[in-house]
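# A closer look at the structure
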Amino acid sequence: MAKSSATTTAPFSAVKPEDYRHSPVHYAVALGDHTTLSRLVSSLPRLADPGQIQTESDSLAQERVADQISAVLDRRDVPFRETPLHLSVRLNDCFAAKTLAAAGADVSLQNSAGWNPLQEALCQRSSDIALVLVRLHHRFAWSKWRRRLPRLVAVLRRMRDFYMEISFHFESSVIPFVGKIAPSDTYKIWKRDGNLRADTSLAGFDGFKIQRADQSFLFLGDGDREFDVPPGSLLVLNHDDKRIFDAFENAGAPMSDADVAGFCAQTSVYRPGMDVTKAELVGRTNWRRQEKTESVGEWKAKVYEVHNVVFSFRSRKISTEIDAGSEQVLPLELDEDEDGFLVAENFGPPDRRRHSSFVREDREFLSLGRKSVDIPSAAAPDRRRLSPAVPPPQTKEKEYLKSLRPAVWLTEQFPLKTEELLPLLDILANKVKAVRRMRDLMTTKFPPGFFPVKLAIPVVPTVRVVITFTKFIELQSTEQFFTPLSSPRHFGWGERGQSESSDAQHQPFSSSSSSTTTSSSSSSSSAWLRRSSSQASTGSKQNHQRGPTSQQSEPFAIPNGYTWTSIIDDNKNRKLKKSKSTRRSK
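Given the structure is predicted, the values throughout are model-derived calculations rather than measurements.

## Some remarks on the pattern of salt bridges
The tally for this structure, following the rule as stated, stands at 19 salt bridges. Between Glu291 and Lys302 there is a salt bridge, with its nearest N and O atoms 3.5 Å apart. Pair noted here: Glu291 is in the loop between strand E9 (280–283) and strand E10 (293–296) and Lys302 is in strand E11 (residues 299–307), with a separation of eleven residues, a long-range link. Judged by its relative accessible area of 27%, Lys302 falls in the partly exposed class. In this structure, the salt-bridge partner of Glu397 is Arg316, at a minimum N-O distance of 3.6 Å. Of this pair, Glu397 sits in strand E16 (residues 395–404) while Arg316 sits in strand E12 (residues 309–318), and the two are 81 residues apart along the sequence. When sorted by exposure, Glu397 lands in the same class as Arg316, which is buried. Beyond isolated ion pairs, a larger network of salt bridges with shared partners links Glu120, Arg314, Arg316, Glu397 and Glu399.

## A closer look at the packing of helix H3 (residues 56–73) against helix H7 (residues 127–158)
Running from amino to carboxyl end, H3 crosses H7 at an angle of 130°, the nearest separation of the two axes being 8 Å. The orientation of H3 relative to H7 falls into the category oblique. Regarding H3 and H7, the two cross each other, and that crossing is left-handed. Only Arg147, Arg148, Pro150, Arg151, Ala154 and Arg158 of H7 make contact with H3, whose side of the interface consists of Glu56, Ser59, Leu60, Gln62 and Glu63. Partitioned by chemical class, the residues of the contact of H3 with H7 number three nonpolar, two polar and six charged.

## Focus: the environment of Val408
If you trace the backbone, Val408 turns up in strand E17 (residues 407–411). In this structure the C-alpha to C-alpha distance between Val408 and Phe446, which are 38 residues apart in sequence, comes to 10.0 Å. If we ignore the near neighbours within four places in the chain, the residues touching Val408 are Leu281, Lys302, Val303, Tyr304, Val306, Phe446, Pro452, Lys454 and Leu455.

## So, the side chain of Thr83
Examined against the element boundaries, Thr83 turns out to sit in the loop between H3 and helix H4 (84–90). The residues touching Thr83, leaving out its near neighbours within four places in the chain, are His26, Leu73, Asp74, Arg75, Arg76, Leu109 and Pro117.

## A word on unusual backbone geometry
For Asp228, which is not glycine, the phi dihedral falls at a positive 55°. Non-glycine residue Arg289 carries a positive phi angle of around 60°. When you line up the elements, Arg289 lands in the loop between E9 and E10. Taking relative accessible area as the criterion, Arg289 reaches 72% and is therefore assigned exposed.

Reading guide: rules and limits
- In every chain, residue numbers begin from 1 and rise along the written sequence.
- Where local features are concerned, this predicted model is filtered to residues with pLDDT of at least 70; where side-chain atom pairs are given and counted, the filter is 80 or more; whole-chain, interface and lining totals use all residues.
- With hydrogens and water excluded, all non-hydrogen atoms of the structure serve as input to the side-chain values.
- The salt bridge criterion pairs a side-chain nitrogen of Lys or Arg with a carboxyl oxygen of Asp or Glu, the two atoms within 4 Å.
- Each helix is a run of DSSP H or I of at least 4 residues and each strand a run of E of at least 2, with the numbering of both proceeding from the N terminus.
- Remark: exposure states derive from per-residue accessible area (1.4 Å probe, protein chains only) relative to the maximum for the residue type, with buried under 20%, exposed over 50%, and partly exposed in between.
- Angles shown run from 0 to 180 degrees and are taken between the N-to-C directions of axes, each axis being a line fitted to C-alpha atoms and, for helices, limited to the stretch in contact.
- Our angle categories are set so that under 35 degrees counts as roughly parallel, over 145 as roughly antiparallel, 65 to 115 as roughly perpendicular, and the remainder as oblique.
- The handedness criterion is simple: a crossing whose near helix is rotated anticlockwise from the far helix by less than a right angle is left-handed, and one whose near helix is rotated clockwise is right-handed.
- Note on contacts: a residue pair is in contact if any heavy atoms of the two residues lie within 4.5 Å.
- When residues are grouped by polarity, Ala, Val, Leu, Ile, Met, Phe, Trp, Tyr, Cys and Pro land in nonpolar, Asp, Glu, Lys and Arg in charged, and all others, Gly among them, in polar.

Written as C-alpha cells, this is what we have:
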C-alpha cells in the first residue's frame, strides 16, 4: 500500500533555553554563549590523524574516543530530537555550527522530521553554514573510513577464503518475459586474506537503456608494491577499455570551490530510506499448514515474509516566493546518476542542464537576494536568541510511503554468517548501487545462526527483484596447497595413483581384483588426489565463468597492459559516451 502526501512546512517553534538545561552543549547553543561552548568542546578528547592508525587495536581505541565525543555532541534527548548542530543551524549561528562540526559532530544524524543539519541549512538558505558543513563533512567522512580500515582488514583476514556468486534479477507472476527485459547481473566475489574482488557486468542506466560494462572492483587491503598501490585502495578495472583508476583517489583532499558552490546552490533535498526497525518475520506454510521449505542452490531454506517494512521517499523544496530584487530560481528536480551521486536537473528554458555536485565542471550560479538585520548588543554577557535573525523560508515537503512485504529464505547451512558478510558489503557499497540496497535489508535481525540465502523485494505489486546467493566455494590457502610432500615415496605413489586413476577412467568396468589393487596402491595419496582434482575442476569452472580477461591463477593481481587513469578522466569519458548515445537516439 502506497501513500503520498504534500505539506507546506513552517519553521519550528521558538527556542526555549530551559528545555535544554539537561544538555550542556544544547544549552550553550540555545543561549548563544560561545565562551561556554568553546570550553565544553575543548574538554573533549581528540581523534588521532587517520594516517597514524595502522593496527586493529588502534582502530578500536579510536572508535571508543569517537563514542565519547558523540555522547556529548550528538545528544538528541531534546525537543524535535535535534542535535546541537541542528539547533545551531535553526538559530543561524555560524560560529556554533563551525565549532561543533570541527569538533566531530555527526552531520548525518536526522531530527524528528528526518533531515540532517546540512539539509536544514540548505533549505533555510544559510549559505555560510552550508559551506562550512559541506567542507567539514567531506573531510570527516573520509577520516572515519580511514580509521575503520585497519579493523575492517583484520575482520577480512579472520574470515575463511571463498569464491561466491550473487545473482540479481527481476521476476513477475503476471508480466511475461520480465526477467529478459529487466536488467539482471551476477556478481562474482573472491575473498582472500585482506583482499576482496567483485566482477560485475551492469554499469548503470541511461533512461530505460541498460548500460553494460565488463568491470571489476578490486579492494587491496594489503596494497600492491609493484604498482605502488597503498593498502586499503579500491581499484576499478574496466576490461573493455583496459583502464584502471582508484575510486578513493583524492578522496581525502578538500572539495573544490566549484563542487562546494554547486552543492550549496540546490533548492531541493531528498531522503530515500528503508525502515526495518519494526520488521517481523512470519513463516510461510504449505497446504498442510506446515513450515514451507525450499532448496536454494545446495542449501535447504525456510521461507519467511518480512512484515512492517516501510520504504519512504521524502523531498523538500524551498517555496518559490522570492524577495523583490533577487533573481528567480528555477525549480530543480533531483535524480541519481550511475554512481549513486546526487544530480540536480534544471528544466528551465532555453537549455536543459544537469549539474552533479561531485563532478568538476564549469557552472553558472544564480545569485539569491539576502536581507541583513542589525542586532542590538545586549547588556548581559549571555546573548539569548529565541528565534533566528532571519526567518527561514517556508518549504514544501512531499512524502511517499510504501509498505513492503519482502520474502526471505533463511538457512542454517550457509558457511557465512550475516555479521561476517556486512563488512564485505560496506566495501562494495561505495561503488555498487545494488549492494547498497541489499545491505539495508540485511541489517534486519534474523534468528541466530540463520543466513538469508535469498531475498525477494517487491518493486511494484506484480514485480519483485530477487537476490540469490547461488554459489559458495571455500578456497584453500596457497601455502597449504603448494607445500611439497615430505617423503619421496609419496611422489611415486602419487604418480602411480594418477596413472591408475586415468586407466580407471578409460576402463570403468574393470574387474574386482584390479580395483582392489588400485585402491590399496593409492590409499596414501587418495586425499591429495581428491583435493587437487576438485581444485582443478573448480578452477576450470571459475575460469569459464569469469571470461578471458580474468586471471584464474591470481584474481587479485593487477593485470599488465592496462592504462592508469584518474577518476576525473573516467567520469568525463562516461559523460562523453552518454552524450553520444543520447545524440544517436535522437
